[in-house]
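Observations on chain architecture
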Amino acid sequence: MGAPFPLSRPRRNRINPVIREMLRETDVRPCNLVLPLFLVPGNGVSEPVKSMEGVFRWSCDMVQRPVEEALESGVRSFLLFGIPSYKDDTGSSADDPSEPVQRALEDMRSRYPEAYLVSDVCLCEYTSHGHCGVIRDGVIHNDGTLERLASVALSHARAGAHAVAPSDMMDGRIIAVRKALESHGFPDVAIWSYAAKFASAFYGPFREAAQSAPSFGDRKSHQLPHFNRLEALRDALMDEDEGADLLIVKPAGTSLDVIRDLKDRTMLPIGGYVVSGEHCMLKDAIGAGHMDKSAYLEYHQCVRRAGCSVIITYGATELAREISVQGG
Ligand SMILES: [Zn+2]
């Protein structure tokens, strides 16, 4: 006995390509993508990052090339990281207006009025010890670090950032940055908070690119343990309470559950950061012929499906070009 045939056939909605496209729930558009840029001092520098295919470090006079290529492809937003000309204990170069991030912000703001500029706010690229905060008695001093971060955010706002992105994971940093921006005449500068940033081995290639590996210890005292979901949600929602405008989850691909859960609990948009290790994993496997090149777009579509409005990715320009040819 039993039904001789199923009356309900979900396949009916998939057989024909027209209905498949009509019922599509997710797409990636170029305007969802943010291109990270690594900026270095000097002139005429376009130096490939060995571990990351297609990623370069640029001096301010050369960065127009990737920026214009991205804009042409439809990518409108950029996340700026700096490699400074000097490093010290407190990361003084991070809020020095003559350093690469500030110079690039100023130049890009006037040259490309259509672009949306976001700057990474942290100390690890700028401190001699490579940690994200100020060290006192051998440990990162949370509250001492907040003052430095607020000052860095302010210097980026002055140089022309539309949004600042604190990536340090210190407690109370969003409110400290918000207060500094409000009280110095930058109420419209947004905060893209790295709300759930896991301590992850997937950041390895980035640390080569940004020359920001810690000289001792690790970042487990302030970044999230990857095995805790509730802790990540709690941290992220705290940033919403403190005044963040967008919540970033990082790495994206290993945190799809967190992105999904956060989407159900927050009214803020969510950004997923497809980090250097994910980029390399995909690119290396595609390069070796183990996967079709469509795996790269599929990966980003899944990050969108999980609930991200924004995807920060090293392949932004290339994805945008591909999307305009075949759809996202
Ligand atoms: Zn950092």
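Scoring rules and cut-offs
Residues numbered from 1 in each chain as written. Predicted model: local features only at pLDDT ≥ 70, side-chain atom pairs only at ≥ 80, totals over all residues. Heavy atoms only, no water. Helix = DSSP H or I, 4+ residues; strand = E, 2+ residues; numbered from the N terminus. Rg over C-alpha atoms; globule rule 2.2 N^0.38 Å. Contact = heavy atoms within 4.5 Å. Areas by Shrake-Rupley, 256 points an atom, 1.4 Å probe, with all protein chains shown as cover. Lys, Arg positive; Asp, Glu negative; His and termini not counted. Charge placed at Lys NZ, Arg CZ, Asp CG, Glu CD. Expected span 1.5 Å × (residues − 1). Buried < 20%, exposed > 50% of the residue type's maximum accessible area, 1.4 Å probe, protein only. Axes fitted to C-alpha atoms, helices over the stretch in contact; angles between N-to-C directions. Parallel < 35°, antiparallel > 145°, perpendicular 65-115°, else oblique. Nonpolar A, V, L, I, M, F, W, Y, C, P; charged D, E, K, R; others polar. Pairing = 2+ DSSP bridges. Right-handed = clockwise from strand over helix to strand, strands pointing away. Patch = residues over 30% accessible without salt bridge, like charges linked within 9 Å, V, L, I, M, F, W, Y side chains within 5 Å. Salt bridge = Lys/Arg side-chain N within 4 Å of Asp/Glu carboxyl O. Polar contact = N/O pair within 3.5 Å; in protein donor to acceptor, adjacent residues only side chain to side chain. Donors = N, O, S within 2.8 Å, 3.2 Å for Na, K, Ca; no water.

This part is about the overall build of the protein chain. Along the protein chain, the regular secondary structure elements total 11 helices and 12 strands. Taking 2.2 N^0.38 as the reference for a compact globule, 328 residues should give roughly 20 Å; the C-alpha atoms of the protein chain span a radius of gyration of 21 Å, in line with that estimate. Principal-axis analysis of the C-alpha atoms places the extent of the protein chain at approximately 75 × 45 × 40 Å. For the protein chain, long-range pairs separated by at least 24 residues make up 73% of all intrachain contacts whose partners lie at least 6 apart in sequence. Put simply, the protein chain shows about 14800 Å² of open surface, and 52% of that area lies on carbon and sulfur atoms. Here the protein chain carries 36 positive and 44 negative side-chain charges, and the mean point of each set is 7 Å from the other.

We now examine helix α3 (residues 100-111). Taking 1.5 Å of rise per residue, 12 residues should cover 16 Å, and α3 covers 16 Å from first to last C-alpha, within 8% of that figure. If you check which residues of α3 are buried, you get Pro 100, Val 101, Gln 102, Ala 104, Leu 105 and Met 108. Looking at the packing, one finds that the buried side of α3 touches β1 (33-40), α2 (64-73), β4 (77-82), β5 (116-121) and α4 (142-159).

Here we come to the packing of helix α9 (residues 276-287) against helix α10 (residues 294-306). With their axes 9 Å apart at the nearest point, α9 and α10 run at an angle of 150 degrees to one another. The angle between the axes of α9 and α10 places the two elements in the roughly antiparallel class. Residue-level contacts link Glu 278, His 279, Met 281, Leu 282, Lys 283 and Ile 286 of α9 to Ala 295, Tyr 296 and Tyr 299 of α10. In terms of residue class, the contact of α9 with α10 is made up of six nonpolar, one polar and two charged.

Moving on: the pairing of strand β9 (residues 190-197). The buried fraction of β9 is high, at eight of eight residues. For strand β8 (residues 163-166) and β9, the ladder comprises two bridges, and the chain directions are parallel. The residue bridging Ala 163 from the neighbouring strand is Ala 190, located in β9. You can see the chain leave β8, run along helix α5 (residues 173-183) and come back into β9, and the turn it takes is right-handed. For β9 and strand β10 (residues 246-250), the ladder comprises five bridges, and the chain directions are parallel. Bridging across to β10, Ala 196 finds its partner in Val 249.

Turning next to a positive patch on the surface. Taken together, the side chains of Arg 9, Arg 11, Arg 12 and Arg 14 present a region of like positive charge at the surface. Positionally, Arg 14 belongs in the segment before α1 (17-22).

Note that the residue after Lys 250, namely Pro 251, is joined by a cis bond; omega there is -10 degrees. With respect to the helices, strands and loops of the structure, Pro 251 is situated in the loop between β10 and α8 (256-265). Here the phi dihedral of Met 169 falls at roughly 70 degrees; this positive angle occurs in a residue that is not glycine. Relative to the helices and strands, Met 169 is located in the loop between β8 and α5.

In this structure, Asp 120 sits in strand β5. Buried Asp 120, no salt bridge; nearest opposite-charge side chain is Lys 250, N-O distance 6.0 Å. Here the side chain of Asp 120 touches Ser 167 through a polar contact of 2.9 Å, side chain to side chain. Once residues lying within four places of it in the same chain are set aside, the contact partners of Asp 120 are Leu 79, Leu 80, Phe 81, Glu 125, His 156, Ala 165, Ser 167 and Tyr 194.

Moving on, we get to the coordination of the zinc ion. Looking at the metal site, the zinc ion is ligated by Cys 122 (SG), Cys 124 (SG) and Cys 132 (SG), spaced 2.3 to 2.4 Å from it. Each donor residue of the zinc ion belongs to the same chain, and together they define the spacing C-x1-C-x7-C. Under the relative-accessibility criterion, Cys 124 is labelled buried at 6%.

Throughout the structure, instances matching the rule amount to 11 salt bridges. Between Arg 178 and Glu 182 there is a salt bridge whose closest N-O contact spans 2.9 Å. With a gap of four residues between them, Arg 178 and Glu 182 both fall in helix α5, about one helical turn apart. A salt bridge links Arg 229 to Asp 261; the shortest N-O distance between them is 2.4 Å. Residue Arg 229 is found in helix α7 (residues 229-242), and its partner Asp 261 is found in helix α8; the two are separated by 32 residues along the sequence. Here the residues in one salt-bridge network are Asp 168, Arg 173 and Asp 239, joined through shared partners.

What follows deals with the side chain of Ser 167. Mapped onto the secondary structure, Ser 167 falls in the loop between β8 and α5. Contact partners of Ser 167, with chain neighbours within four places excluded, come to Asp 120, Val 121, Cys 122, Tyr 194 and Lys 197.

Moving on to the pairing of strand β12 (residues 310-313). Here β12 shows no split at all, with Val 310 and Ile 312 on one side and Ile 311 and Thr 313 on the other all buried. Where β1 and β12 come together, two bridges link them in parallel fashion. Across the sheet, the residue bridging to Val 34 is Ile 312, located in β12. Of the strand pairs in this sheet, strand β11 (residues 270-274) and β12 are connected by four bridges, and their pairing is parallel. Residue pairing in the sheet places Gly 272 in a bridge with Ile 311 of β12.

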